[in-house]
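# Survey of secondary and tertiary structure
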Amino acid sequence: MSTETEASAESGVGAGSGVGAGSEASAGSEAGAASRVGAASKVAARSKSRARSRAAARSRAGVGAPSAADARSGVDSGAGASAGSGASAGSGAGAGGVSGVGAALPLPPARACGAPGGPPPASAAVKTPGSPKGRKGRKEADQPEAASNRFLAKAALVTIALSIAGALLGLGRDQALAHLFGAGSDTDAFLVAWTVPEFAATLLIEDGLAFVLIPAFSVAVTRRARGAAGDPVRALVAATLPRLTFAFAAFGALLVAGAPYLVEALAPGLPDPRLAVDCTRLTATCVFSFGLAGYCSAALRAHRRFVAPAAIYMAYNTGIVGVMFVLGARWGVRSAALGVAVGGALMVVAQAPSLWRQLRRGREATGSLDGEPARPMNLTLIGTVLLFALCRQSQVLIERFLASSLPAGAISHLNYAQKVAQMPMVLSLMLCTVTFPVVAQAIAEGDTERARDRVERDLTLVACTVLLGTAVVVACAPQIIQLLFQRGAFTARDTAATAAVMRVYALGLLGHTLVGALVRSYFCSGRPTWYPLFAMTAGIVATGWAGALAVGPWGVCGIAAANAAGITLTAVLLLYGMGPRSVPIRTRAVVAEIGKPLRAALTAAVTGALCASAVDSPLLGLVLGCTVVTVVFALLAWAFRVEGFASALRSVTRRVPYARFR
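Residues numbered from 1 in each chain as written. Predicted model: local features only at pLDDT ≥ 70, side-chain atom pairs only at ≥ 80, totals over all residues. Heavy atoms only, no water.

### With respect to the overall build of the protein
Counting its secondary structure elements, the protein contains 26 helices and 0 strands. When burial is assessed residue by residue, the protein has 56% of its 662 residues classed as buried. The contacts of the protein with a sequence gap of at least 6 include a subset with a gap of at least 24, amounting to 81%. Accessible surface computed for the protein: about 26200 Å², of which carbon and sulfur atoms make up 66%. (Helix = DSSP H or I, 4+ residues; strand = E, 2+ residues; numbered from the N terminus. Buried < 20%, exposed > 50% of the residue type's maximum accessible area, 1.4 Å probe, protein only. Contact = heavy atoms within 4.5 Å. Areas by Shrake-Rupley, 256 points an atom, 1.4 Å probe, with all protein chains shown as cover.)

Rendered as structure tokens:
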């Protein structure tokens, strides 16, 4: 069966369902009627099978049987759940069924199969396709999926907009650092201390803790929506937050005390480590603040609240920039480290009111706090997730360890190049940030088909997005760095070195993006798995060996090339390991789709680089290069029929993102 036929049979509106355009052409024949009855029987059988698998998954997860509250809360307990209907399970629970991004983006409730006003049962597909009732049934069946996709589109747009604002403030932070302190031994010392917030953000906000908490909160939100005794969400908070808070505080204090040993291990080649030790002690406070911020973010995303979590980096970078300008003249680069501490506290302040409102709504809806106590968190799962995130972030340790023996400024050149080159990856992964709770809830309900379709769409779309950004970075690297950083203590020599590193580093952006998207599929079920750690370890070993061999002849460019090679190996291992360990995607179809924008990006990058280098003005060169890259990429994507590109166009023109493999 082709991928298109599978998608059509699942939705009941494609070529194989008996209600498509081909069936209308033969509506009057007995053969057509027989095929429609047979297709309807297949749909009904698949729906019953999916319903049984959901019921089994609910019993394993401790989710009670469906109740009358399902229809009110928008939880789809039937067999025909749409691709995004699970998003409504916790979005409005305890708040009258209202969902949204913040308070302004409502998510319409999904209708239970067979409920009054809901989509008709599978047998209704036997009606004559040309009749008004048949068309009306198909339209009503498509409404929940369309509404859910509109919600995801709005949530993704809001998240991307706030993330862009945070990224721009991050660029402003790096510009301020380069302008005030240049690219020398002082900034190298600060960037060694910057390793702590980089690790903390990955472990506690972006990847590690989120992979554990979002599935746990998704189950608790679903149980609350189904009318479980007490408030499962508040019970989960009471069982986990005090212990995690103590752990965050204890580990932060340990880093403060052990800062000299940490600096010696991270960068043994620094000429004067005392400045790095002072900065590390200041940045170590972010372990406590980032831990609380990550906890709030996971809980809010499970409730389908994305505004406050997306705004935390705006608050964070605002704090750093403000402290640098106020205290930079007196404290030097230590002011940037103090800004990390202030910015971390602002991340918690930005989310605490929204989380408190969600907890209060749950209490008002249930009227009682007594109920089944929350299950203890799986320590094996926590260990596998944190070890994976730690292993992934250790690429930074390898880079800075190797660069510490190079001339002063090498670590700074690597840092500035990474910060700019990673922007396409960060923006493309915002889609996965929005859809991760949807995938986790689909897995919790046993709906692997919905989870598979969502993951496949995400992979093709994020690959298309990051490859377009990669082509722009490779084509216009000198112009970008010159416009962003070449002022004050940042010289033309620094621009040339940073641009060269950025072009090499950009070769691994697709690998970084795929790793970030794929690993969510491995941990969304809430079950421990060691395979992602194995794949990441293989990539780290490759990065270390390649970097050690390349740093001598090629310097920082060799380090960047080793990074790209190692993360690409990890992405390949994760992609081909999908299946029993995670969401069983159709790997060959996904790889074929990713290959199309890859070819388009290669051509666009070469063409754009030639055009950008022909102009002396960096601003005009950047505008010309970006325009040429975008036009060439768009034309080739259209010619290759790139699904991610077509999905992005449809989301703009119809405001409903929907992709299907041909």
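### Brief notes about the environment of valine 385
With respect to the secondary-structure elements, valine 385 resides in helix H16 (residues 379–403). Taking the C-alpha atoms as reference, valine 385 lies 5.4 Å from glycine 208; in sequence the two are 177 residues apart. Excluding anything up to four places from it in sequence, valine 385 contacts Gly208, Phe211, Val212 and Phe523.

### So, unusual backbone geometry
One non-glycine residue with positive phi stands out, namely arginine 641, at about 60 degrees. In this structure, arginine 641 sits in the loop between helix H25 (618–640) and helix H26 (643–653). Residue classification places arginine 641 among the exposed residues on the basis of a relative accessible area of 53%.

### Points about the packing of aromatic side chains
Here the distance between the centres and the angle between the planes together describe a pair of aromatic rings. Overall, the coordinates contain 11 aromatic pairs when judged by the stated rule. Between the aromatic rings of tyrosine 416 and phenylalanine 490, the centroid separation amounts to 5.5 Å while the plane-to-plane angle is 75 degrees, which identifies the pairing as edge-to-face. Of this pair, tyrosine 416 sits in helix H17 (residues 410–421) while phenylalanine 490 sits in the loop between helix H20 (448–485) and helix H21 (492–505), and the two are 74 residues apart along the sequence. Since its relative accessible area comes to 2%, phenylalanine 490 is described here as buried. Seen in terms of ring centroids, tyrosine 522 and tyrosine 531 are 5.9 Å apart; in terms of plane orientation they differ by 25 degrees. Their pairing is stacked. Like tyrosine 522, the residue tyrosine 531 is buried in the burial classification. One aromatic cluster is present, formed by Phe211, Phe388 and Phe523 through successive ring pairs. Above the plane of the ring of phenylalanine 640 lies arginine 599, whose end atom (NZ or CZ) is 4.9 Å from the centre. (Phe/Tyr/Trp six-rings, centres within 6.5 Å; stacked < 30°, edge-to-face > 60°. Lys NZ or Arg CZ within 6 Å of the ring centre and 35° of its normal.)

### Regarding the environment of arginine 301
Turning to its location among the elements, arginine 301 is positioned in helix H12 (residues 286–302). A C-alpha to C-alpha distance of 9.6 Å links arginine 301 and threonine 435, two positions 134 residues apart in sequence. Contact partners of arginine 301, with chain neighbours within four places excluded, come to Ile205, Ile214, Phe306, Pro309, Thr433 and Pro437.

### Some words on helix H7 (residues 195–206)
In this model H7 runs 15 Å from its N-terminal to its C-terminal C-alpha over 12 residues, within 8% of the 16 Å that 1.5 Å per residue would give. The buried fraction of H7 is high, at 11 of 12 residues. Among all positions of H7, only Thr195, Val196, Pro197, Glu198, Phe199, Ala200, Ala201, Thr202, Leu203, Leu204 and Ile205 are buried. (Expected span 1.5 Å × (residues − 1).)

### A word on the pattern of salt bridges
Taken as a whole, this structure holds 10 salt bridges when the rule is applied. Of the charged contacts in the structure, one is a salt bridge between lysine 419 and glutamate 198, with a shortest N-O distance of 3.2 Å. On the criterion of sequence distance, the pair formed by lysine 419 in helix H17 and glutamate 198 in helix H7 is long-range, its members being 221 residues apart. As far as burial versus exposure is concerned, lysine 419 and glutamate 198 are alike and both buried. The partner of arginine 452 in a salt bridge is aspartate 453, with the nearest N and O atoms 3.2 Å apart. (Salt bridge = Lys/Arg side-chain N within 4 Å of Asp/Glu carboxyl O.)

### Here we look at the packing of helix H9 (residues 232–257) against helix H10 (residues 259–266)
Orientation of H9 relative to H10, taken along the N-to-C sense of each, is 75 degrees, at an axis distance of 5 Å. As the angle between them shows, H9 and H10 are arranged roughly perpendicular. Counted together, Leu255, Val256 and Ala257 of H9 and Ala259, Pro260 and Leu262 of H10 form the full contact between these two elements. Residues belonging to the contact of H9 with H10 are distributed by class as follows: 6 nonpolar, no polar and no charged. (Axes fitted to C-alpha atoms, helices over the stretch in contact; angles between N-to-C directions. Parallel < 35°, antiparallel > 145°, perpendicular 65-115°, else oblique. Nonpolar A, V, L, I, M, F, W, Y, C, P; charged D, E, K, R; others polar.)

### Description of the side chain of aspartate 231
With respect to the helices and strands, the residue aspartate 231 is situated in the loop between helix H8 (208–225) and H9. Residue aspartate 231 is classed as buried on the basis of its relative accessible area of 3%. Only 3.0 Å separates the side chain of aspartate 231 from the side chain of arginine 224, close enough to count as a polar contact. (Polar contact = N/O pair within 3.5 Å; in protein donor to acceptor, adjacent residues only side chain to side chain.)

### Focus: the nonpolar core
In terms of nonpolar packing, the biggest core is built from 160 residues, with Phe190, Phe217, Phe290, Met502 and Val583 touching the most fellow members. The element that contributes the greatest number of residues to this core is H20, accounting for 19 residues. With residues up to four places along the chain from it excluded, the contact list for phenylalanine 217 reads Val233, Leu236, Val237, Tyr295, Ala298, Ala299 and Ala302. (Core = buried A, V, L, I, M, F, W, Y, C linked by side-chain atoms within 4.5 Å.)

### Some details on helix H6 (residues 185–193)
A large share of H6 lies buried, amounting to 7 of its 9 residues. Taken together, the buried positions of H6 are occupied by Thr187, Asp188, Ala189, Phe190, Leu191, Val192 and Ala193.

### Let's talk about the confidence of the model for the protein
Considering every residue of the protein, the mean pLDDT works out to 75; 70% of them sit at 70 or more. Note on residues 57–133: pLDDT is under 50 here. Beyond four places in sequence and across chains, it has 172 contacts. (pLDDT = per-residue confidence, 0-100.)

### Regarding the side chain of threonine 195
You can see threonine 195 is positioned in helix H7. Residue threonine 195 is classed as buried on the basis of its relative accessible area of 5%. Apart from the residues lying within four places of it in its own chain, the contact partners of threonine 195 are Leu266, Leu397 and Arg400.

### Quick look at the state of the cysteines
Applying the stated criterion to the full structure yields 0 disulfides. Cysteine 476 provides the cysteine sulfur closest to cysteine 611, a residue in no disulfide bond, and the two sulfurs are 9.5 Å apart. Residue class for cysteine 611 comes out partly exposed when judged on its relative accessible area of 25%. (Disulfide = S-S within 2.5 Å.)

### Things to note about the environment of serine 394
Position of serine 394 relative to the elements: it lies in helix H16. Once the C-alpha coordinates of serine 394 and isoleucine 540 are considered, the two residues, 146 residues apart in sequence, prove to be 7.6 Å apart. When sequence neighbours within four positions are dropped, the list of residues in contact with serine 394 reads Phe199 and Ile540.

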